[in-house]
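Overview (structure and organization)
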Amino acid sequence: MSLKLLSRMAGKPFCSEKLNMRLFSGEELCYVILKYPLIAMDDFVTDGLIEWIGTGLHEVDLAGSLYHDKKDGESCENLLLSILQNLDYCRIEEVREFRNTLVSYRKLPEHELILETAKTYYRAGREADAYSNLEKAVKSITALVRVTKDEDEKKRLGLKKLDVLCDMVAVRMLRFDAEGALRLLDMAEQTGRFTRAERQRFLITGKANLPDEEKEKLLNERRDLKISALSGEECTRIKELSSLPDEEFLIKAGDIIKEWKKEYRRTS
């Protein structure tokens, strides 16, 4: 990003539903476009964003150009490039690199592009959107398997599908949905035996077709993670509350619960 001062701070922020964040400046807008290109490519340039660029950032000419280009069917990629170039917060090298990144994404097979989008949503803390894209990836791979005649390619795609199903299991478990995770593992077993799926089943149920040494290794890894979590910042905060008077404990505990609820909604 350039060293340009934040001279275009908006009086009212733009609330991005895709990223669940508020943007207050042109610099912040450029930053999220560069950091999350696949989310930005996923219909990020809405009429609401364009209106905010015009009224919030006072970039009336740019907003008008974006409205016109979007109406004429201009691609989302070119709309994003127009924003980066005209807001003048990015170096030309950054804009050029962003353009090359978009080109490389468009060269990916459909299911690979969907998977990369899912990963981007996951990194942004949007687990529900990540899961939705993982579902789309499974459907895309399944459709591709039906029309593929090469047996080696079918096998490769089958393994890819199993891996995506395991990714979905991981997201389900992050949302404390063991029942949904096990249903996905049942689907994976119908596709074929997969070591990663067996490991996940063992960690959820304690039962799986794995060597004893593999089971022991997984149990040790889970124990280490549990110890790490219990010594983490959040658990430490809870432990510190126990020594407070009842009234103060209830107030501070309530504040922490509010934080957790806010974080949960952010990923819902």
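As the structure is a prediction and not an experimental result, all values here were calculated from the model.

What follows covers the packing of helix α9 (residues 151–174) against helix α11 (residues 195–205). Their axes nearest at 10 Å, the elements α9 and α11 cross at an angle of 20°. The angle between the axes of α9 and α11 places the two elements in the roughly parallel class. Between α9 and α11 the crossing geometry is left-handed. The residues of α11 that touch α9, namely those facing D163, C166, D167, V169, A170 and M173, are R196, A197, Q200 and I204. Per-class residue counts for the contact of α9 with α11 are 6 nonpolar, 1 polar and 3 charged.

This paragraph deals with the state of the cysteines. Under the criterion given, the structure shown has 0 disulfides. Sulfur of C90: no disulfide; nearest cysteine sulfur belongs to C30 and is 4.3 Å away. Classification of C90 as buried rests on a relative accessible area of 10%.

We now examine α11. If you check which residues of α11 are buried, you get A197, E198, Q200, R201 and F202. A positive backbone phi angle near 85° is found at G206, which sits one or two residues after α11.

Among the nonpolar cores identified, the biggest contains 39 residues, and L29, I33, F44, I53 and L80 are the most heavily contacted of them. Residue assignment for this core shows that the elements contributing at least two residues are α1 (26–35), α2 (37–41), α3 (47–55), α4 (60–71), α5 (76–87), α6 (92–106) and α7 (110–123). The leading source of residues in this core is α5, at 7 residues. Setting aside residues no more than four positions away along its own chain, I53 makes contact with L29, H58, E59, L62, A63, L66 and I83.

Attention now goes to unusual backbone geometry. A positive phi angle is found at D43, which is not glycine, with a value near 55°. Note that D43 resides in the loop between α2 and α3. One non-glycine residue, D88, adopts positive backbone phi at about 65°. Relative to the assigned elements, D88 resides in the loop between α5 and α6. Owing to a relative accessible area of 45%, D88 belongs among the partly exposed residues under this scheme.

Scored by pLDDT, the protein chain has a mean of 86; 90% of the residues are at 70 or more. Contacts from residues 1–7, a stretch scored under 50 in pLDDT, to residues over four places away or in other chains number 21 contacts. Confidence drops under a pLDDT of 50 for residues 264–268, and excluding neighbours within four residues, the segment shows 12 contacts in the predicted structure.

We now examine the packing of aromatic side chains. The final tally for this structure, using the stated rule, is 1 aromatic pair. Ring plane angle 35° and centroid distance 5.8 Å describe the contact between F14 and W52, whose orientation is recorded as tilted. Taken together, the residues span a long stretch of sequence, with F14 in strand β1 (residues 14–16) and W52 in helix α3 at a distance of 38 residues. Accessibility classification places F14 together with W52 in one group, the buried group.

Right, let's get into α4. Over its 12 residues, α4 runs 17 Å from end to end, which matches the ideal 16 Å to within 8%, given 1.5 Å per residue. Burial in α4 covers these residues: L62, A63 and L66. Buried residues of α4, viewed axially, fall in a sector of 100°; they line one side. Away from its buried face by more than 90 degrees, α4 exposes V60, D61 and K71. In the core, the buried residues of α4 are packed alongside α3 and α5. Immediately beyond the C-terminal end of α4, within one or two residues, lies G73, with a positive phi of roughly 90°.

Calculation notes
Residues numbered from 1 in each chain as written. Predicted model: local features only at pLDDT ≥ 70, side-chain atom pairs only at ≥ 80, totals over all residues. Heavy atoms only, no water. Axes fitted to C-alpha atoms, helices over the stretch in contact; angles between N-to-C directions. Helix = DSSP H or I, 4+ residues; strand = E, 2+ residues; numbered from the N terminus. Parallel < 35°, antiparallel > 145°, perpendicular 65-115°, else oblique. Left-handed = near helix turned anticlockwise from the far one by under 90°. Contact = heavy atoms within 4.5 Å. Nonpolar A, V, L, I, M, F, W, Y, C, P; charged D, E, K, R; others polar. Disulfide = S-S within 2.5 Å. Buried < 20%, exposed > 50% of the residue type's maximum accessible area, 1.4 Å probe, protein only. Core = buried A, V, L, I, M, F, W, Y, C linked by side-chain atoms within 4.5 Å. pLDDT = per-residue confidence, 0-100. Phe/Tyr/Trp six-rings, centres within 6.5 Å; stacked < 30°, edge-to-face > 60°. Expected span 1.5 Å × (residues − 1). Arc of directions from axis to C-beta.

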